[in-house]
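# Descriptive structure summary
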Amino acid sequence: MLRTVDRVLLALVGLVLLVLGGSVLAVGLGVKAPSWWIHDSRHDVLLSQTERTRWRDAGWWWPVLIAALAVLLLLALWWLVAVLRRRRLGEVLVDTGDGEGAVLRGRALEDACAADAGRLDGVARADVRLTGRRGAPRARVRLRLEPHIDPGTALDGLTTGALAHARASAGLEALPAEVRLKGVGHRAERVS
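Let us look at the structure shown here. Predicted model only: the values in this text are computed from it and were never measured.

### Describing the environment of Leu158
You can see Leu158 is positioned in helix 5 (residues 151-170). Residue class for Leu158 comes out buried when judged on its relative accessible area of 0%. Along the primary structure Leu158 and Val179 are separated by 21 residues, whereas in three dimensions their C-alpha atoms are 9.3 Å apart.

### A word on the pattern of salt bridges
Within the structure shown, the criterion is met by 4 salt bridges. One salt bridge in this structure joins Arg119 and Asp116, with 3.5 Å as the shortest N-O distance. Among the salt bridges present, the one from Arg180 reaches Glu178, with a minimum N-O distance of 3.0 Å. Accessibility expressed as a relative area gives 52% for Arg180, which makes it exposed. Of the residues examined, Glu178 reaches a relative accessible area of 37% and is grouped as partly exposed.

### Overview of the nonpolar core
One finds Val92, Leu130, Val141, Leu143, Leu158, Leu163 and Leu175 to be the most contacted residues of the largest nonpolar core, which totals 24 residues. Looking at this core, the element that brings in the most residues is helix 5, giving 6 residues. With near-sequence residues (within four places) excluded, Leu130 lies in contact with Arg87, Arg88, Leu89, Val92, Gly106, Leu109, Glu110, Arg138, Ala139 and Leu175.

### Some remarks on a positive patch on the surface
A cluster of basic residues, Arg3, Arg7, Arg85, Arg87, Arg105, Arg107, Arg129, Arg133, Arg138, Arg140 and Arg142, forms a positive patch at the surface. Those elements that provide at least two residues to the positive patch are helix 1 (2-28) and strand 4 (137-145). No other element matches strand 4, which puts 3 residues into the positive patch. In this fold, Arg142 is placed in strand 4.

Rules used in this analysis
- Residues numbered from 1 in each chain as written.
- Predicted model: local features only at pLDDT ≥ 70, side-chain atom pairs only at ≥ 80, totals over all residues.
- Heavy atoms only, no water.
- Helix = DSSP H or I, 4+ residues; strand = E, 2+ residues; numbered from the N terminus.
- Buried < 20%, exposed > 50% of the residue type's maximum accessible area, 1.4 Å probe, protein only.
- Salt bridge = Lys/Arg side-chain N within 4 Å of Asp/Glu carboxyl O.
- Core = buried A, V, L, I, M, F, W, Y, C linked by side-chain atoms within 4.5 Å.
- Contact = heavy atoms within 4.5 Å.
- Patch = residues over 30% accessible without salt bridge, like charges linked within 9 Å, V, L, I, M, F, W, Y side chains within 5 Å.
- Areas by Shrake-Rupley, 256 points an atom, 1.4 Å probe, with all protein chains shown as cover.
- Lys, Arg positive; Asp, Glu negative; His and termini not counted.
- Charge placed at Lys NZ, Arg CZ, Asp CG, Glu CD.

What follows is the structure, encoded as structure tokens:
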């Protein structure tokens, strides 16, 4: 969902900047601008002397301008960090014992762990996501449980089964996990 919102926002910002930049370039190259456009000719400036100095003597102008620009800068930096931060671990470093090491794709370990957890009794669906660093991954597990299963039993089966197998197969000393359990919706049974 967040990736879709990011792409839509980037596309809209890019489209607006492309249209504005293209229109300013076209007017600068001599294309006649519409009557409502902010530029009239190729020698017109973006901000006239009057527009640039209108609020210069007002005491509130500079603090408001600096605060607005600071807020825009912070929002842009926050968005950049949110887009660049990888939420999913791409690879896991596996110690092979010979000092070299090997790399295991994070998605492969996620899929194997999710398949292993999905085979547990009473688990309708399992989703696993690896986060953290290559040498010290962490797992985020979501289990959708059938109505008849005890959550404690499912959690015990997950930790001693799927997570233990993933930890052993990747040669990890520990694989901390955050597990979220949710029940599957079902229809009420008729009692006679």
